[in-house]
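# Residue-level structural notes
As a plain string of letters, each chain reads:
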Amino acid sequence: MKRCVINVSNNISKLNQHSLEGEYYTAFSEINKRLSSDLVPKSFRLDVTSDIMDIFIRNQNEGKKLSEVIGTDIKTFISEILEAYFSTISTKTLIKFSIQNGFLFGGIFGLLSLLDFSPSLGTLLTSLTAFILGISGFLINYKICLKFSRIPFSWLGALGGLLGVGMFYVIEYISKSDICSSLNNPVIVISILLLQLLIYFLLQRESKLKRKKA
Amino acid sequence: MAISTQMLKGLMDGVILKVISKEETYGYEIYETLQRIGFSYFAEGSLYPLLLRLERKGLIKGVKKTSSTGPDRKYYYLTEEGKEEMDSFKETWDSFNVGVGVLWQDDIK
């Protein structure tokens, strides 16, 4: 029988030192895998997996079957957990997360475009396009997760990949256009790109501090 | 009889809030209370996403406490918003109950 110790977090509880077996192990691994997504914060995942670990270990020790414990199949159970997360995100948080994602996309794609092209107004336009796509991409992913929480995250990853490929075409198009030569100050361009990444990290830090306070 | 998921969710939110309002309690104890009062079709695990949703909405708060006799447990208690939600649920439930009662009473006559 498959047996493994699963450490969820360094400081959650001593229960994490116990082991899960068989269907409990498989189910827990599946939950952990599905929750390991950028769309679900790490703090949420650790909290949930710690709670579920408690439930699983107790019921495993009592000799109960997994189906008796979760009352449904594992995919539905995970969908319900994800739905509990996505359906309770406030509009303010959603807007903040999407803007944060926009800054991340804007900064990264702007810097990536510098690998092939010199800093110019075209770089900033590329970055702006990526910023808008970052915001809309996050909102689309959120809607997909909320509506179809049974969709594997690998599909969302593929969507992100497609977005990335699309972005490189945009970068190429903008960088080859005449507009690129109208601003040639690399310091200003790179500063703007780095500023975007700085804003992203500040917003992320603020979210972490807020979660710690809660 | 299969109960509509949405209907059950709405109903269970109110019921769970009431159970927690009586005393600070943990998941398994809530599950046992539900079984005792007649919600026997409820699995312990299916209670967890509901508790999670209520917690994320700020209606209940979960605090992990160490236990000297057994594993650590997450105790839940009601927040102020939770109390308001529970009262609002009861009000809505009572008004529905009266309406449904009247309809069924008419059938008997």
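Let us look at the structure shown here.

This brings us to the packing of helix H2 (residues 42-61) of chain A against helix H3 (residues 44-56) of chain B. Axis separation between H2(A) and H3(B) bottoms out at 11 Å; the angle between their running directions is 155°. Of the possible angle classes, the one that applies to H2(A) and H3(B) is roughly antiparallel. The chirality of how H2(A) crosses H3(B) is right-handed. Between H2(A) and H3(B), the residues in contact are Phe44(A), Asp47(A), Val48(A), Asp51(A), Ile52(A), Ile55(A), Arg58(A) and Asn59(A) and Glu44(B), Tyr48(B), Leu52(B) and Arg56(B), respectively. Grouping the amino acids of the contact of H2(A) with H3(B) by side-chain chemistry returns six nonpolar, one polar and five charged.

By size, the foremost hydrophobic cluster in this structure holds 55 residues, and its most contacted members are Ile52(A), Phe56(A), Ile81(A), Met12(B) and Leu34(B). With residues near it in sequence (within four places) discarded, Met12(B) still touches Leu34(B), Phe39(B), Phe42(B) and Leu50(B).

Here we take up the sheet that holds strand E2 (residues 60-65) of chain B. What holds strands together in a sheet is hydrogen bonding between their backbones, with the strands either parallel or antiparallel. Residue and element names in this part refer to chain B. Read from one edge to the other, the open sheet built from three strands follows the order E1-E3-E2, with strand pairing classed as antiparallel. One side of each edge strand has no neighbouring strand; the edge strands of this open sheet are strand E1 (25-26) and E2. Pairing of E2 with strand E3 (residues 73-78), which is carried by six bridges, proceeds in the antiparallel orientation. Each residue of the ladder has a partner; that of lysine 64, found in E3, is lysine 74.

Turning next to H2(A). Residue and element names in this part refer to chain A. Taking 1.5 Å of rise per residue, 20 residues should cover 28 Å, and H2 covers 28 Å from first to last C-alpha, within 8% of that figure. The buried fraction of H2 amounts to 14 of the 20 residues, a majority that puts the element mostly inside the structure. Just past H2, the residue glycine 63 takes up positive phi, approximately 80°.

Tallied over the full model, the rule gives eleven salt bridges over all chains. Measuring nitrogen to oxygen at the nearest pair gives 3.6 Å for the salt bridge that ties Asp47(A) to Lys74(B). In this pair, Asp47(A) is assigned in helix H2 and Lys74(B) in strand E3, connecting two distinct chains. A residue is classified by how much of its surface remains accessible, and Asp47(A), at 34% relative accessible area, is partly exposed. Judged by relative accessible area, Lys74(B) falls into the buried class, the value being 9%. Asp13(B) is the salt-bridge partner of Arg53(B), the closest N and O atoms lying 3.4 Å from each other.

Parameters and conventions
Residues numbered from 1 in each chain as written. Chains lettered and ligands numbered in written order. Predicted model: local features only at pLDDT ≥ 70, side-chain atom pairs only at ≥ 80, totals over all residues. Heavy atoms only, no water. Axes fitted to C-alpha atoms, helices over the stretch in contact; angles between N-to-C directions. Helix = DSSP H or I, 4+ residues; strand = E, 2+ residues; numbered from the N terminus. Parallel < 35°, antiparallel > 145°, perpendicular 65-115°, else oblique. Left-handed = near helix turned anticlockwise from the far one by under 90°. Contact = heavy atoms within 4.5 Å. Nonpolar A, V, L, I, M, F, W, Y, C, P; charged D, E, K, R; others polar. Core = buried A, V, L, I, M, F, W, Y, C linked by side-chain atoms within 4.5 Å. Buried < 20%, exposed > 50% of the residue type's maximum accessible area, 1.4 Å probe, protein only. Pairing = 2+ DSSP bridges. Expected span 1.5 Å × (residues − 1). Salt bridge = Lys/Arg side-chain N within 4 Å of Asp/Glu carboxyl O.

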